[in-house]
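Now for the letters of each chain:
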Amino acid sequence: MRVLVLGGTTEASRLAALLAAARRDIWSMLSFAGRTKAPIAPAIPYRIGGFGGVEGLVSYLERERIELLVDATHPYAEQMSRNAELASAQAGIPLIVLTRPPWLREPGDDWTIVGDMEAAAAALGPEPKRVFLTIGRLQLAAFASAPQHAYLIRAVDPFDPPPELARCRVIAGRGPFGSAAEEELLRDEKIEMIVTKNSGGGAAFAKIVAARRLGLPVVMVERPQGVAGDALHDPAEAMAHILAHAEALASRGV
Ligand SMILES: NC(=O)c1ccc[n+]([C@@H]2O[C@H](COP(=O)([O-])OP(=O)(O)OC[C@H]3O[C@@H](n4cnc5c(N)ncnc54)[C@H](OP(=O)(O)O)[C@@H]3O)[C@@H](O)[C@H]2O)c1
C-alpha cells in the first residue's frame, strides 16, 4: 500500500517513525511545506514544497498511486487541510486526520481567548508592554497595529529580512521546550504578556505552564473553525487505521 503523510508536526514525524518500522509492503512518503530551512529528516522518504492547490495534490496522488492520505498538518494549517479533504474525495481515496487535542484552561490560567491575530494585537491593550510572541512568522504583520509594545519573537529559523515591527527582537528556538527554562526566559526578559496559538501537544506546552506559575496573562488565538471533528489524536491510532486499511486492500486482492 502507498501512503502520503502531510506533515510539519511532531505527530507526523512520530507516524513516519512507526511507518518506517512497519511492514515492508507499506510504502510511505512524508510531505513538508518547506516553512523551516532544515526539517528534521524522517526515517521514510520525504518531499518538500506545495503541490499546487487541490488540482496539484490530486495529480500527485494519482501519479504516485497513493491509496491512503494522512493529514497530520498543524491545526492552524487550514488551507492544506481543506485541500487534503477535497483532493481525497476527488481521487477517491480515504483520508485520516491526525491532530493534537487543544490545550484546556486550568485553574491558575489567565487566558484571553481571541478569534484571530488582529484581535490578539488589540487584546494587548493600550499601555506599552513586553510581549512574548510564539505564533510562527506568517502572521506577525497583525502586530504592526500595536507598535507601543516591545515584542520578543521566537522562531525556528532566523528572519531575513527582519520582521517589520518597530520594537522587536528575535530569538531562535525549536521545541520541545522545558517549563523551568521557559520560566527563566520569561523572567529574564521581563515578559508581561504572551501571545500563542492553541497548538496543543507537549512540545510547546511549557510556556503555558510557566505563565501559570508566574501568573502571566496569555492571549490565546483560537483554532480555525472547520477542522475535522473526528480527527485521531495519537500516531499509534493512525498507524492502526493504516494497517487495517492495508489488510482490507490485501483481502480484496488489490
Ligand atoms: N500554521 C501553523 O501555525 C503551523 C505551525 C507549525 C507548523 N506548521 C506546519 O507548516 C506547514 C505550513 O503551514 P501553513 O499554516 O502555511 O499551511 P496552510 O496555510 O494550510 O498551507 C498553505 C500552502 O502551503 C502548502 N503546504 C502546507 N502544508 C504542506 C505540506 N505538509 N506539504 C506540502 N505542501 C504544504 C500548500 O501549498 P499548495 O496549495 O501549493 O499545495 C498549502 O496550500 C504545515 O506543514 C504545517 O503542519 C504550521
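Model, not experiment: these values are computed from the prediction.

Procedures and definitions
Residues numbered from 1 in each chain as written. Predicted model: local features only at pLDDT ≥ 70, side-chain atom pairs only at ≥ 80, totals over all residues. Heavy atoms only, no water. Helix = DSSP H or I, 4+ residues; strand = E, 2+ residues; numbered from the N terminus. Rg over C-alpha atoms; globule rule 2.2 N^0.38 Å. Buried < 20%, exposed > 50% of the residue type's maximum accessible area, 1.4 Å probe, protein only. Contact = heavy atoms within 4.5 Å. Areas by Shrake-Rupley, 256 points an atom, 1.4 Å probe, with all protein chains shown as cover. Lys, Arg positive; Asp, Glu negative; His and termini not counted. Charge placed at Lys NZ, Arg CZ, Asp CG, Glu CD. Near = heavy atom within 4 Å. Polar contact = N/O pair within 3.5 Å; in protein donor to acceptor, adjacent residues only side chain to side chain. Nonpolar A, V, L, I, M, F, W, Y, C, P; charged D, E, K, R; others polar. Salt bridge = Lys/Arg side-chain N within 4 Å of Asp/Glu carboxyl O.

Student: Give a description of the overall build of the protein that names residues and reports values.
Tutor: Within the protein one finds seven helices and eleven strands. Here the C-alpha atoms of the protein give a radius of gyration of 20 Å, agreeing with the 18 Å that 2.2 N^0.38 yields for 254 residues. Across its three principal directions, the C-alpha atoms of the protein cover 65 × 35 × 30 Å. When each of the 254 residues of the protein is scored for burial, the buried share is 46%. For the protein, the share of sequence-separated contacts (at least 6 apart) that also reach a separation of at least 24 residues comes to 66%. When the accessible surface of the protein is summed, it comes to about 12700 Å², and 54% of that surface belongs to carbon and sulfur atoms. In the protein, 27 positive and 29 negative side-chain charges are present, and the distance between their average locations comes to 4 Å.

Student: Tell me what's going on with the site of the ligand, and back it up with residues and numbers.
Tutor: Taken together, 24 residues surround the ligand, and among them Gly 7, Ser 31, Phe 51, His 74 and Lys 197 come closest. One of the backbone N or O atoms of Gly 52 is found 2.9 Å from an oxygen atom in the ligand. In this structure, Met 80 approaches the ligand through a main-chain N or O atom, which is 2.8 Å from an oxygen atom. Its free accessible area being 810 Å², the ligand has 78% of it covered by the protein chains. Elements with a minimum of two residues in the shell around the ligand: strand 2 (27-32) and helix 3 (78-91). Ranked by the residues each element gives to the shell around the ligand, the list is headed by helix 3, at four residues. Looking at the shell around the ligand, its residues break down into eight nonpolar, twelve polar and four charged.

Student: Provide a residue-level description of the side chain of Arg 47, including the pertinent values.
Tutor: Inspection of the secondary structure assignment puts Arg 47 in strand 3 (residues 46-48). The charged side chain of Arg 47 is buried without a salt bridge, its nearest counter-charge being Glu 64 at 7.8 Å. Among the polar contacts listed, one links the side chain of Arg 47 to the side chain of Ser 31, at a separation of 2.7 Å. In contact with Arg 47, not counting residues within four places along its chain, are Met 29, Leu 30, Ser 31, Phe 32 and Tyr 60.

Student: Provide a residue-level description of the pattern of salt bridges, including the pertinent values.
Tutor: Here the idea is simple: oppositely charged side chains can pair when their charged atoms come close. The final tally for this structure, using the stated rule, is nine salt bridges. The partner of Glu 106 in a salt bridge is Arg 212, and the shortest N-O contact between them spans 3.4 Å. Taken together, the residues span a long stretch of sequence, with Glu 106 in the loop between strand 5 (95-97) and strand 6 (110-114) and Arg 212 in helix 6 (residues 206-214) at a distance of 106 residues. Between Arg 169 and Glu 189 there is a salt bridge; the shortest N-O distance is 2.4 Å. Of this pair, Arg 169 sits in strand 9 (residues 168-172) while Glu 189 sits in the loop between helix 5 (179-188) and strand 10 (193-197), and the two are 20 residues apart along the sequence. For Glu 189, a relative accessible area of 15% gives the class buried. Beyond isolated ion pairs, a larger network of salt bridges with shared partners links Glu 106, Asp 109 and Arg 212.

Student: Any details on helix 6? Residues and values, ideally.
Tutor: Listed as buried for helix 6 are Ala 206, Lys 207, Ile 208, Val 209, Ala 210 and Ala 211. Of the surrounding elements, those touching the buried residues of helix 6 are strand 6, strand 7 (130-134), helix 5, strand 10 and strand 11 (217-221).

Student: Please set out the side chain of Asp 157 residue by residue, giving values where relevant.
Tutor: Within the secondary structure, Asp 157 sits in the loop between strand 8 (150-155) and strand 9. The side chain of Asp 157 sits in the buried core without any salt bridge; Arg 137 is the nearest counter-charge, 4.9 Å away. Within the local environment of Asp 157, its side chain forms a polar contact with the backbone nitrogen of Lys 37, the two atoms lying 2.7 Å apart. Once you skip the residues sitting within four places of it in the chain, Asp 157 turns out to touch Arg 35, Thr 36, Lys 37 and Arg 137.

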